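Below, each chain spelled out in residue letters.
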Amino acid sequence: MVRTAEVLNAYRLVLRSTRKSFKGDTLMLNESAAEVRKRFEENRHVNSDAEVKRLVEEAKEAAGFISTMIVQAKLTPQGGYAVKATNDHKDLTLEVPSEALLPKTT
């Protein structure tokens, strides 16, 4: 049986991951927190232990993905973008989007 504490721990884990990945970006922090809450609220009334367990595992996977696969690039004074990888990104290959995909600033 999946306990409420496990669901709350998964919820907090995802929120911590978003706070870490989007640190300093108020818009993304607010939007990601709202999306996480929405996803958990959508499943509030799930009763099946198997389904709750699956959803908790999915949340843990999402937290891992957010922590390791999302890196925010910051605009530099020279007009380029800088990425600061952390230990969470150790041994991973970072894929930088094409300049054509990045918004132009004036």
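Procedures and definitions
- Each chain has its residues counted from 1, running along the sequence as written.
- pLDDT decides what is reported in this predicted model: residues at 70 or higher carry local features, side-chain atom pairs at 80 or more are listed and counted, and totals for whole chains, interfaces and linings draw on all residues regardless.
- Calculated side-chain values reflect all of the structure's heavy atoms, with hydrogen atoms and water omitted.
- UniProt positions are given in the numbering used here, feature names are shortened, and annotations may be inferred rather than shown by experiment.
- Two rings from Phe, Tyr or Trp (for Trp, the six-membered ring) form a pair when their centres are within 6.5 Å of each other. A pair whose planes differ by under 30 degrees is stacked, one over 60 is edge-to-face, and the rest are tilted.
- By the criteria applied, helices consist of DSSP H or I runs no shorter than four residues and strands consist of E runs no shorter than two, each listed in order from the N terminus.
- Exposure is judged per residue with a 1.4 Å probe applied to protein chains only, and the accessible area is read against the type maximum: over 50% gives exposed, under 20% gives buried, and values in between give partly exposed.
- Salt bridges are identified by distance alone: a Lys or Arg side-chain nitrogen within 4 Å of an Asp or Glu carboxyl oxygen.

An unreviewed UniProt entry lists the chain under the name Complex 1 LYR protein domain-containing protein, from Papaver somniferum. Regarding the chain, the relevant UniProt record gives this comment under Subcellular location (unreviewed entry): "Mitochondrion matrix".

Undergrad: Account for the packing of aromatic side chains, with residues named and values stated.
TA: In the structure shown here, the tally under the stated rule is one aromatic pair. Between Y11 and F40 the ring centres are 5.0 Å apart and the planes differ by 75 degrees, which places this aromatic pair in the edge-to-face class. Highlighted residues: Y11 in helix α1 (residues 4-21) and F40 in helix α2 (residues 26-42), separated in sequence by 29 residues. Residue classification places Y11 among the buried residues on the basis of a relative accessible area of 19%.

Undergrad: Help me get a handle on the pattern of salt bridges, residues and values and all.
TA: Per the counting criterion, the structure on display carries eight salt bridges. With a shortest N-O distance of 3.4 Å, R37 and E41 are connected by a salt bridge. With R37 and E41 both in helix α2 and four residues apart, the pair spans about one turn of that helix. On the basis of relative accessibility, which here comes to 46%, the residue R37 falls in the partly exposed class. Between R54 and E58 there is a salt bridge, and its shortest N-O distance comes to 2.8 Å. Residue R54 and its partner E58 are located together in helix α3 (residues 49-69), separated by four residues, close to a single helical turn. Under the relative-accessibility criterion, R54 is labelled partly exposed at 41%. E58 sits in the partly exposed class, given a relative accessible area of 43%.

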